[in-house]
Amino acid sequence: MIAHGDELQSLITALGSDEKRGLTSEKAGKLQETFGLNRLEEKKKKGWFLRFSDQFKDVMIIILLIAAAVSFGITLHDHIAGNGEESYFEPILILVIVILNAVMGVVQESKAEKALEALKNLSAPTARVVRDGKESIIDASLLVPGDIILIEAGDFVPADARLIISESLKSEESALTGESVPSEKDAKAIVEEAAPLGDRHNMLYMGCGIAYGRGRAIVTGTGMHTEMGKIATLLASESEGQTPLQQKLASLGKYLGFMALAACAVIFVIGLLNKMSPLNIFMVSVSLAVSAIPEGLPAIVTIVLAIGVQRMVKRNAIIRRLPAVETLGSASVICSDKTGTLTQNRMTLTKAFVTGRKELEDISESNSEAVRELLLYSTLCCDGNVSVEGEQIKHLGDPTETAIVYGAYRNNIVKDDIEKAYPRLTEIPFDSDRKLMTTVNNIDGKNMVIVKGAFDVLATRCIEGAISAAQDFVSAMAGDALRILAVACKEIDKVPETPTSEELECGLHFLGLLGMIDPPRSEAKEAVKVCRDAGIKPVMITGDHILTASAIAKELGIFNEGDKAITGAQLEAMSEEELKEDVRKISVYARVSPSDKIRIVRAWQDQGEVVAMTGDGVNDAPALKAADIGCAMGITGTDVAKGAADMTLTDDNFATIVDAVSEGRGIYDDIRKVVGFLLGTNIGEVLTVFFAMILWHKTPLVSMQLLWINLVTDSLPAITLGMEAVEGDVMKRKPKPKKQGIFAGGLGAQVIIEGIMFATLTLIGFILGQKLGEPHLKALGYGGEELSELVIKYGQTMAFFVLSLTQIVQSFNKRSNYSLFKIGFFTNKNMNLAGLISIGLIALVLFVPPITAIFELCALTSELYLIAVGLAFAPLLLEEIAKLTGLIRNRI
């Protein structure tokens, strides 16, 4: 059964209904059992417990849990054996860190699926139905195929339905098809089987509003079997894939985890060969595992993304999923819907032609008298109106009519005023058969018939006026993708009691033409230019006609010489190979369906591109979800689009996406700085513990000290690295390739070199602490085993101080690959504060005796403190030399 293509009576028979009496209640009940309720199915959501447990699947977290278990086991063993003072502080600290990380992951994720709920809410709650020959109002969810429904202006269509009768019927389908004006409906229209949604004039679709007229229809599809249901199915089937950043961090976590396990195995073998206690080896292994894992990295990256999100809110972009910020910065293709995204989603009168003139006149605020007369007459023949309150303009009614009314308003011709001065006496409403609307108004005591409608129809009804000249201008305006209305008039002696088209719509005097368009947003052209400068390919995807789409695309700079524009039918005829071959040449897709949009997005993704999709309608939702990042419009956008998108533009301004891309690129730069900083410190810690064990069979840092450095001392400077201002040239760079690693541009080499530098300075501190501390301790009277333990503690305290302070200094170095003398040492006020707080936390551990004891540290001599500070500032000198000599270049 093809609902829009089958002959009407055959369709009614196939559905077992009667166009006058409808279904019987008994039959409707049986059909209800077969087809179910007229509702959209919802995808089952994950509960909070499942989301929380998912956080523990990360390799880094698993290793930390193992480390906590080993630490707990050793502490418990010592407690049972009575080996001195036991402290459960270390395993408890690790567990607290892991749980906090999991809670933050759940809170920040917040991926509650809203798209299907919004689709469900779009469905009409009640429906006027004919059953058993009686009209009644029922819950729309009880409708079944074969039901006869009645609809009128202001109603939401409760289910997909084939029209039986239509009277001047128009349906607002922009959310489903992308059309910026209501679709004219005609029960008698013959529609081809392959016709796209926008051309099925004999059909009504669930969730769309009736803008004008009334009708009677037979339900052909309910629930998930409607066009809205198909979109819901597409949404449910589209999984939310990981962004490139998530994939890279996940891969990095696995790599670091396996590296930690391998290092632990080596240490274990070395320890056994040197006849160390297995318990001691386990404790060292715990330290090594903790040092290898950047515990704070996932949380800090999340925080940096959240900070970026707050910055983007100030620029009118709301992010729904945090990692999408980075993806937006990587976008290389923006597939944009036309209506409401690149255009204003409001028909605007732009051109006029009047009899007696030789050229078109632009609509302005001071048009010629002839054009003002044309606007006066055409406004009197409109039912739509505009309401102007300050700068707020509300369009009430058919967009084509409100465009005329507002054009007149700009010329101080106010509809409410002229209707009082020239009252309407009678009318013949518009219908799609005649394609005309007629009113009779009393103008200065004369009965004036005013007719507006399609030029090709109206021209045949005129007996005077510049019809031939008008024909040329119709062709010219059509070439510019303008929607054209013709206006004519005549005077009659008497107003008929029952006006007919035969009597009023003939023998007319042709007045002129009005041309209108849904115009491009004023900011969109510049935004497209900036996108091109940034190496981003803009693509227009719309449900509108190809002529209109191409004209808008040319004006915006999206459609250039050598580019192609194709229709949905042409796209459907293309094989996957043909599309893959031509996708880079096609800049405009017109008359496309929701599944077509997904196909286009995937074709670009198959080319290795990161695809952003902007849109505002229900029809955009599946592609918004399938794209690497979906951007919905906040004002005109449907709840469905917002729910499926990763980002919402609160001002509906296409130019805002340019700001968002800029912020996205800047945030990714900052994340690279954070990752480089944290991994450099982790590699330094691993090398420190590893080589100390190989050389001296002892560890310079225990796991509690490493956790304090990784999660407390380092975290604040790392977060403030994410607050660095966006580099001024980010939108002059090409997008980074999709497969480009996070360590590209020399970052990987920098991390390794910095890790070696940290390890070297820490080991020097460890050695000096022992060498210079031993004489001091002997002078205090210590000796024997107690002396040996205190000497190691001196070395560990020195190592802790050097490593933690060095990393604070290094955080300033990582602010930019440009010299600190160029960007300013203290221009990041947040980092200045973070540095001071981190130094305070180090001092807390070093100089408050009870806390010092918990962390197995001790007080040092003033000489050692000064040496530690000197070692800590070595990276500043070394990195400035590297930047000056070009060893570190600005390749972010």
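Refer to the structure above for everything that follows.
Per chain, the residues get numbers from 1 upward, laid out in the order the sequence is written. Local features are withheld for residues below a pLDDT of 70 in this predicted model, meaning they are given only at 70 or higher, and side-chain atom pairs are given and counted only at 80 or more; totals for whole chains, interfaces and linings count all residues. Heavy atoms throughout the structure, all of them, feed into the side-chain values; hydrogens and water do not.

Trainee: Account for the nonpolar core, with residues named and values stated.
Mentor: Here, nonpolar core means buried Ala, Val, Leu, Ile, Met, Phe, Trp, Tyr and Cys residues that are tied together by side-chain atoms lying within 4.5 Å of each other. Any residue under 20% of the maximum accessible area for its type is buried, any over 50% is exposed, and the rest in between are partly exposed; the area is computed with a 1.4 Å probe on protein chains only. By size, the foremost hydrophobic cluster in this structure holds 93 residues, and its most contacted members are Met312, Leu513 and Met647. Comment: elements are numbered from the N terminus, with helices defined as DSSP H or I runs of at least four residues and strands as E runs of at least two. Here this core gets 14 residues from one element, more than from any other, and that element is helix H27 (residues 654-696). Note on definitions: a residue-residue contact is assigned when non-hydrogen atoms from the two residues lie within 4.5 Å. The residues touching Met647, leaving out its near neighbours within four places in the chain, are Met312, Ala317, Ile318, Ile319, Leu328, Gly630, Cys631, Ala632, Ile657 and Ala660.

Trainee: Go over a nonpolar patch on the surface, please, and point to the residues and values.
Mentor: Nonpolar side chains (Val, Leu, Ile, Met, Phe, Trp, Tyr) are joined into patches within 5 Å and like charges within 9 Å, using only residues with over 30% relative accessible area and no salt bridge. Values of accessible area rely on a 1.4 Å probe in the Shrake-Rupley scheme; residue burial ignores everything except the protein chains shown. Counted as salt bridges are all cases of a side-chain nitrogen of Lys or Arg within 4 Å of a carboxyl oxygen of Asp or Glu. Together, Phe691, Ile694, Leu695, Trp696 and Ile767 give the surface a local cluster of nonpolar side chains, amounting to about 410 Å² of exposed area. For the nonpolar patch, the element with the highest residue contribution is H27, accounting for four residues.

Trainee: A description of the environment of Asp132 should follow, citing residues and the corresponding values.
Mentor: Here Asp132 is to be found in the loop between strand S1 (126-131) and strand S2 (134-139). For the pair Asp132 and Arg21, spaced 111 residues apart in the sequence, the C-alpha separation amounts to 5.7 Å. Sequence-distant contacts of Asp132, that is, excluding residues within four places in its chain, are made with Arg21, Leu23, Thr24 and Ser25. The definition of a polar contact used here is a pair of N or O atoms within 3.5 Å, where within protein one atom must be able to donate a hydrogen and the other to accept one, and adjacent residues in sequence count solely through side-chain atom pairs. A polar contact of 2.4 Å, which involves the side chain of Asp132, links it to the side chain of Ser25.

Trainee: Just give me the short version of H27, but keep the residues and values in it.
Mentor: Under the 1.5 Å per step criterion, the end-to-end length of H27 is 63 Å for 43 residues, consistent within 8% with the ideal 63 Å. Counting buried positions along H27 gives 36 out of 43 residues, so the element sits mostly inside the fold. Once H27 ends, the next one or two residues include His697, with phi positive near 60°. Expected helix span is taken as 1.5 Å per residue step, with the number of steps being one fewer than the number of residues.

Trainee: Residues and numbers for the pairing of strand S19 (residues 508-517), please.
Mentor: In terms of residue burial, S19 counts as a mostly covered element, since nine of its 10 residues are buried. Should DSSP find at least two bridges between two strands, the strands are taken to pair. With six bridges joining them, strand S10 (residues 348-354) and S19 adopt antiparallel strand pairing. For Ala352, the partnering residue across the bridge sits in S19 and is Leu514. For strand S17 (residues 462-464) and S19, the ladder comprises two bridges, and the chain directions are parallel. Across the sheet, residue Glu464 finds its bridge partner in S19, namely His509.

Trainee: A description of the pattern of salt bridges should follow, citing residues and the corresponding values.
Mentor: If you walk through the whole model with that rule in mind, you get 32 salt bridges. Lys529 is the partner of Asp533 in a salt bridge, and the nearest nitrogen-oxygen pair spans 3.4 Å. Remark: Lys529 and Asp533 occur in helix H20 (residues 524-533); sequence separation between them is four residues, near one turn of the helix. The partner of Arg733 in a salt bridge is Asp669, and the shortest N-O contact between them spans 3.0 Å. Placement of Arg733 in the loop between helix H29 (715-721) and helix H30 (747-779) and of Asp669 in helix H27 is noted, with a sequence separation of 64 residues between them. For the pair formed by Arg733 and Asp669, the shared burial category is buried. Taken together, the shared-partner salt bridges connect Arg311, Arg315, Asp659 and Glu663 into one network.

Trainee: Please set out the packing of aromatic side chains residue by residue, giving values where relevant.
Mentor: Aromatic rings from Phe, Tyr and Trp, with only the six-membered ring used for Trp, were paired whenever their centres fell within 6.5 Å, and each pair was classed as stacked if the ring planes differed by under 30 degrees, edge-to-face if by over 60, and tilted otherwise. Summed over all chains, the structure comprises 11 aromatic pairs. With centroids separated by 6.1 Å and ring planes inclined at 15°, the aromatic side chains of Tyr406 and Tyr409 adopt a geometry described as stacked. Here Tyr409 and Tyr406 lie together in helix H15 (residues 399-410), a separation of three residues that amounts to about one turn. Among the aromatic residues, ring-to-ring pairing joins Phe812, Phe821, Phe825 and Phe826 into one connected group. In our convention, an over-ring charge means Lys NZ or Arg CZ found within 6 Å of a ring centre and within 35 degrees of that ring's normal. Between the NZ or CZ atom of Lys170 and the centre of the ring of Phe430, over which it lies, the distance is 4.9 Å. Across from the ring centre of Tyr668, 4.4 Å away, lies the NZ or CZ of Lys736, which sits over that ring.

Trainee: Quick one: what's the story with the packing of helix H31 (residues 784-813) against helix H35 (residues 862-872), residue by residue and with numbers?
Mentor: Each axis is a line fitted through C-alpha atoms, taken for helices only over the stretch in contact, and angles between the N-to-C directions span 0 to 180 degrees. It is the contact of H31 with H35, at a shortest axis distance of 8 Å, that shows an interaxial angle of 35°. Note on packing geometry: the crossing formed by H31 with H35 is right-handed. On H35, the residues that touch Tyr794, Met798, Phe801, Val802, Leu805, Thr806 and Val809 of H31 are Leu864, Tyr865, Ile867, Ala868, Val869, Leu871 and Ala872. Note on residue categories: nonpolar means Ala, Val, Leu, Ile, Met, Phe, Trp, Tyr, Cys or Pro, charged means Asp, Glu, Lys or Arg, and polar means any other residue, Gly included. Classifying every residue of the contact of H31 with H35 by side-chain character gives 13 nonpolar, one polar and no charged. Definitions for this section: a left-handed crossing has its near helix turned counterclockwise from the far helix by less than a right angle. A right-handed crossing has that turn clockwise.

Trainee: Got a sec to walk through the pairing of strand S23 (residues 611-615)? Specific residues and values, please.
Mentor: With respect to burial, S23 is a largely interior element, five of its five residues being buried. Both faces of S23 are covered, namely the face carrying Val611, Met613 and Gly615 and the face carrying Ala612 and Thr614. Relative to strand S24 (residues 629-633), S23 runs parallel, the two being bridged by four bridges. Of the residues in S24, the one forming a bridge with Met613 is Gly630.

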